[in-house]
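Below are the chains, spelled out letter by letter.
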Amino acid sequence: PTPAPLPALSKGEYYAAVTVAGVDSTLNVRREPSTQAEILGVLRNGQRLIVVEEAADGWVKMKTGELEGYVMTNFIVKE
């Protein structure tokens, strides 16, 4: 399925894209900034997202048209 369009940016937010190794790889979106936190969904390689704020060490709070949570900064690149 095609992701919903991204909402407009609010102050301090920026667009980024998922960069994971392998075309079929995905990035887990978690409820809290921890690898132990519940997985709310996944993002595909190249999928765009909005970074809402910097979170705990190595994590950002993010959102898409249908999902909001935390991802590791190692796997996204600012646009």
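The preceding data block contains the structure.
Predicted model, so just to flag it, every value in this text is computed and none were measured. (Residues numbered from 1 in each chain as written. Predicted model: local features only at pLDDT ≥ 70, side-chain atom pairs only at ≥ 80, totals over all residues. Heavy atoms only, no water.)

A.B. asks: Just give me the short version of the overall build of the protein chain, but keep the residues and values in it.
C.D. replies: Across its full length, the protein chain carries zero helices and seven strands. Shown N-terminal to C-terminal, the secondary structure of the protein chain runs as helices and strands in the order β-β-β-β-β-β-β. In summary, the protein chain has a C-alpha radius of gyration of 11 Å against a globular reference of 12 Å for 79 residues, a match within 12%. For the C-alpha atoms alone, the extent of the protein chain along its principal axes is close to 30 × 30 × 20 Å. Of all 79 residues assigned to the protein chain, the portion counted as buried reaches 33%. Taking the intrachain contacts of the protein chain between residues at least 6 apart in sequence as the baseline, contacts between residues at least 24 apart amount to 56%. When the accessible area of the protein chain is evaluated, it comes to approximately 4,800 Å², of which 50% is carbon and sulfur surface. Treating the 8 positive side-chain charges of the protein chain as one cloud and the 10 negative ones as another, the clouds have centres 4 Å apart. (Helix = DSSP H or I, 4+ residues; strand = E, 2+ residues; numbered from the N terminus. Rg over C-alpha atoms; globule rule 2.2 N^0.38 Å. Buried < 20%, exposed > 50% of the residue type's maximum accessible area, 1.4 Å probe, protein only. Contact = heavy atoms within 4.5 Å. Areas by Shrake-Rupley, 256 points an atom, 1.4 Å probe, with all protein chains shown as cover. Lys, Arg positive; Asp, Glu negative; His and termini not counted. Charge placed at Lys NZ, Arg CZ, Asp CG, Glu CD.)

A.B. asks: Any chance you could break down the pattern of salt bridges for me, citing the residues and the numbers?
C.D. replies: For the structure shown, the criterion picks out four salt bridges. Residue Arg-48 is joined to Glu-79 by a salt bridge in which the shortest nitrogen-to-oxygen separation is 2.9 Å. Within this pair, whereas Arg-48 is found in strand β4 (residues 48-54), its partner Glu-79 is found in the segment after β7 (76-78), the two being separated by 31 residues in sequence. Put simply, Lys-61 and Glu-68 hold a salt bridge, and the shortest N to O gap is 3.8 Å. Judged by its relative accessible area of 23%, Lys-61 is partly exposed. By relative accessible area, Glu-68 is classed as partly exposed at 46%. (Salt bridge = Lys/Arg side-chain N within 4 Å of Asp/Glu carboxyl O.)

A.B. asks: Residues and numbers for the nonpolar core, please.
C.D. replies: Of all hydrophobic cores here, the largest spans 14 residues; its most connected members are Leu-43, Leu-49, Val-51, Val-71 and Ile-76. Counting residues per element, the ones that place at least two in this core are β1 (14-18), β2 (26-30), β4 and β5 (59-63). Sorting elements by how many residues they give to this core places β1 first, with three residues. Those residues in contact with Leu-43 that sit more than four places away from it in its chain are Val-18, Thr-26, Leu-27, Val-29, Leu-49, Met-62, Thr-64, Leu-67 and Val-71. (Core = buried A, V, L, I, M, F, W, Y, C linked by side-chain atoms within 4.5 Å.)

A.B. asks: Pulling in residues and values, what's your account of the packing of aromatic side chains?
C.D. replies: Tallied over the entire structure, the rule returns zero aromatic pairs. The cationic tip of Arg-48 hangs over the ring face of Tyr-15; the distance from NZ or CZ to the ring centre is 4.6 Å. For Lys-78, the ring lying beneath its charged end belongs to Tyr-14, and the centroid distance is 4.5 Å. (Phe/Tyr/Trp six-rings, centres within 6.5 Å; stacked < 30°, edge-to-face > 60°. Lys NZ or Arg CZ within 6 Å of the ring centre and 35° of its normal.)

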